[in-house]
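Here is what each chain is made of, one letter per residue.
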Amino acid sequence: MPEPLTLYLAAPRGFCAGVDRAIKIVEMALRKWGAPVYVRHEIVHNKYVVDELRAQGAVFVEELSDCPPDRPVVFSAHGVPKSVPAEAEARQMLYVDATCPLVSKVHIEAERHYENGLRMIMIGHRGHPEVIGTMGQLPEGAVTLVETVADVAELTPEDPDRLAFITQTTLSLDDTAEIITALRTRFPNIAGPRKEDICYATTNRQEAVKAMAPMIEALLVIGAPNSSNSQRLVEVGRRAGCGYAQLVQRAADIDWRALAGARAVGITAGASAPQVLVDEVIAAFRGRYEVTEELVETAREDVEFKVPRVLREKVA
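Residues numbered from 1 in each chain as written. Predicted model: local features only at pLDDT ≥ 70, side-chain atom pairs only at ≥ 80, totals over all residues. Heavy atoms only, no water.

Student: Help me understand the packing of aromatic side chains, please; the structure alone is not making it clear to me.
Tutor: Where two aromatic rings form a pair, the distance of their centres and the angle of their planes describe that pair. The tally for this structure, following the rule as stated, stands at 4 aromatic pairs. Pairing Phe75 with Tyr95 gives two aromatic rings, centres 5.1 Å apart and planes at 20 degrees, and the pair type is stacked. With a gap of 20 residues between them, Phe75 in strand E4 (residues 73–75) and Tyr95 in strand E5 (residues 95–97) connect regions that are remote in the sequence. On the accessibility criterion, Phe75 (0% relative accessible area) is buried. The exposure class assigned to Tyr95 is partly exposed, which follows from its relative accessible area of 25%. Pairing Trp256 with Tyr289 gives two aromatic rings, centres 6.5 Å apart and planes at 40 degrees, and the pair type is tilted. In this pair, Trp256 is assigned in the loop between strand E10 (244–248) and strand E11 (264–269) and Tyr289 in strand E12 (residues 289–297), connecting sequence segments 33 residues apart. Summarising the burial analysis for this pair, Trp256 and Tyr289 share the class buried. (Phe/Tyr/Trp six-rings, centres within 6.5 Å; stacked < 30°, edge-to-face > 60°. Helix = DSSP H or I, 4+ residues; strand = E, 2+ residues; numbered from the N terminus. Buried < 20%, exposed > 50% of the residue type's maximum accessible area, 1.4 Å probe, protein only.)

Student: I tried to follow unusual backbone geometry on my own but got confused; where do I start?
Tutor: In most cases, non-glycine residues show a negative phi, while peptide bonds are predominantly trans. For the bond running from Ala11 to Pro12, omega is 5 degrees, close enough to zero to count as cis. Within the secondary structure, Pro12 sits in the loop between strand E1 (3–11) and helix H1 (17–33). The peptide bond linking Ala35 to Pro36 adopts the cis configuration, its omega dihedral lying at 0 degrees. If you check the backbone angles, His41 has positive phi at about 70 degrees while not being a glycine. Its place among the elements puts His41 in the loop between strand E2 (37–40) and helix H2 (47–56). Unlike most non-glycine residues, Gln92 shows phi in positive territory, near 55 degrees. Take Gln92: it is sitting in the loop between helix H3 (83–90) and E5.

Student: Which parts of the structure should I look at to understand the nonpolar core?
Tutor: In a soluble, globular protein the nonpolar side chains are often hidden away together inside. In this structure, Val26, Ile43, Val44, Leu53 and Val74 are the most contacted members of the largest nonpolar core, which totals 27 residues. Those residues in contact with Val44 that sit more than four places away from it in its chain are Val19, Ala22, Ile23, Val49, Val50, Ala77, His78 and Ser272. (Core = buried A, V, L, I, M, F, W, Y, C linked by side-chain atoms within 4.5 Å. Contact = heavy atoms within 4.5 Å.)

Student: Would you mind going over the sheet that holds E11 with me for this structure?
Tutor: Paired through their backbone hydrogen bonds, the strands of a sheet run either parallel or antiparallel. Reading across from one edge, E10-E9-E11-E1-E12 is the order of the 5 strands in this open sheet, with parallel pairing throughout. In this open sheet, the two edge strands, each paired with only one partner strand, are E10 and E12. Along the sheet, successive strands turn relative to each other by an average axial angle of 25 degrees, direction set aside. As defined by bridge partners, strand E9 (residues 218–222) adjoins E10 across 5 bridges and the pair is classed as parallel. By the bridge assignment, Leu219 is partnered in E10 with Ala245. Helix-sheet contacts for helix H8 (residues 200–212) involve E1, E9, E11 and E12, and the interaxial angle to E1 is about 145 degrees. Packed onto the sheet, helix H9 (residues 228–239) meets E9, E10 and E11 and runs at close to 170 degrees relative to E10. (Pairing = 2+ DSSP bridges. Axes fitted to C-alpha atoms, helices over the stretch in contact; angles between N-to-C directions.)

Student: I'm lost on the sheet that holds strand E3 (residues 58–61) in this one. Help?
Tutor: Strand order in the open sheet formed by 4 strands is E3-E2-E4-E5, with parallel pairing between adjacent strands. Whereas interior strands pair on both sides, the edge strands pair on one side only; in this sheet they are E3 and E5. Going from strand to strand, the sheet's axes swing by 25 degrees on average, the running direction of each strand aside. With 4 bridges joining them, E2 and E3 adopt parallel strand pairing. What sits directly across from Arg40, in E3, is Val61. Contacting E2, E3, E4 and E5, H1 runs over the sheet at an angle of about 160 degrees to E5.

Student: Where do I start with the environment of Glu154 in this structure?
Tutor: Here Glu154 shows up in the loop between helix H6 (149–153) and strand E8 (163–167). Relative accessible area serves as the criterion here: at 64%, Glu154 is assigned to the exposed category. Spatially, the C-alpha atom of Glu154 lies 25 Å from that of Arg232, the residues being 78 residues apart in sequence.

Structure representation (structure tokens):
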């Protein structure tokens with residue numbers, strides 16, 4: 001007889017409104033203009049989602065120069081530097097911007113502070129598409145990136161009283177709070193966002209993991225290795241006391257030997273991981289254990305973002 005196991009399912013988990021909107025944008029573009037529709041960078045960081053859209057006729061490229069000028073192109077949910085839409089317009093390309101509205105909000109904040117004469121500091125991970133896109137809203141060299149508290153200690157701004165900070169939307173709440181504290185300690189007059197830049201979905205998924213951590217012996221986060229918010233969920237689980245916290249893309253990635261003897265396992269999913277992958281993981285556990293499911297719900301989400309008007313209009 002299979003051994004008993006309790007699966008604690010985090011809620012919220014999986015798709016956020018920004019990811020849902022970005023995927024819809026590609027699907028609606030394919031319906032409106034037919035295949036192929038080009039997508040600059042992965043629309044969201046999840047291989048399953050990208051493969052599904054590729055099967056429908058989406059072509060994923062890294063640079064605009066890889067796109068023909070006569071086909072539509074979609075910019076990913078992570079946002080792009082200003083130079084990208086400028087290049088698309090110069091080439092007279094039809095483009096649709098799928099940047100998450102909460103990322104766009106950070107772009108607007110950065111521009112507002114810059115126009116007010118403040119030097120910008122961005123908290124984020126070097127090389128992440130969202131960071132590249134946000135820093136690319138301002139002239140080169142106008143934004144300084146910090147990744148750690150140690151980076152804050154090394155800052156040497158020309159005018160310590162004329163600074164502002166913004167953050168990547170998918171960071172760890174706790175790590176970011178430490179960096180913000182360090183910034184405010186060194187630069188008491190630094191301006192910050194009116195409301196935290198870290199998005200509601202990142203916050204909610206991290207809080208659910210924290211609530212679940214005391215109940216479980218192991219945590220599985222369903223998500224992609226290049227998904228920042230998924231990687232942060234693993235870190236949050238470890239920091240909250242999970243002896244074993246691991247990122248898996250699909251059920252096939254589960255290390256069953258590492259879970260041997262566990263009787264309580266938590267499952268969550270990053271904001272770009274679809275529910276079908278959660279169901280696949282649960283089914284894999286049901287194939288090996290006598291499973292009881294428990295929901296750990298810390299918030300309910302009803303956020304919805306409209307798709308761009310160009311996709312809601314009929315083809316002339």
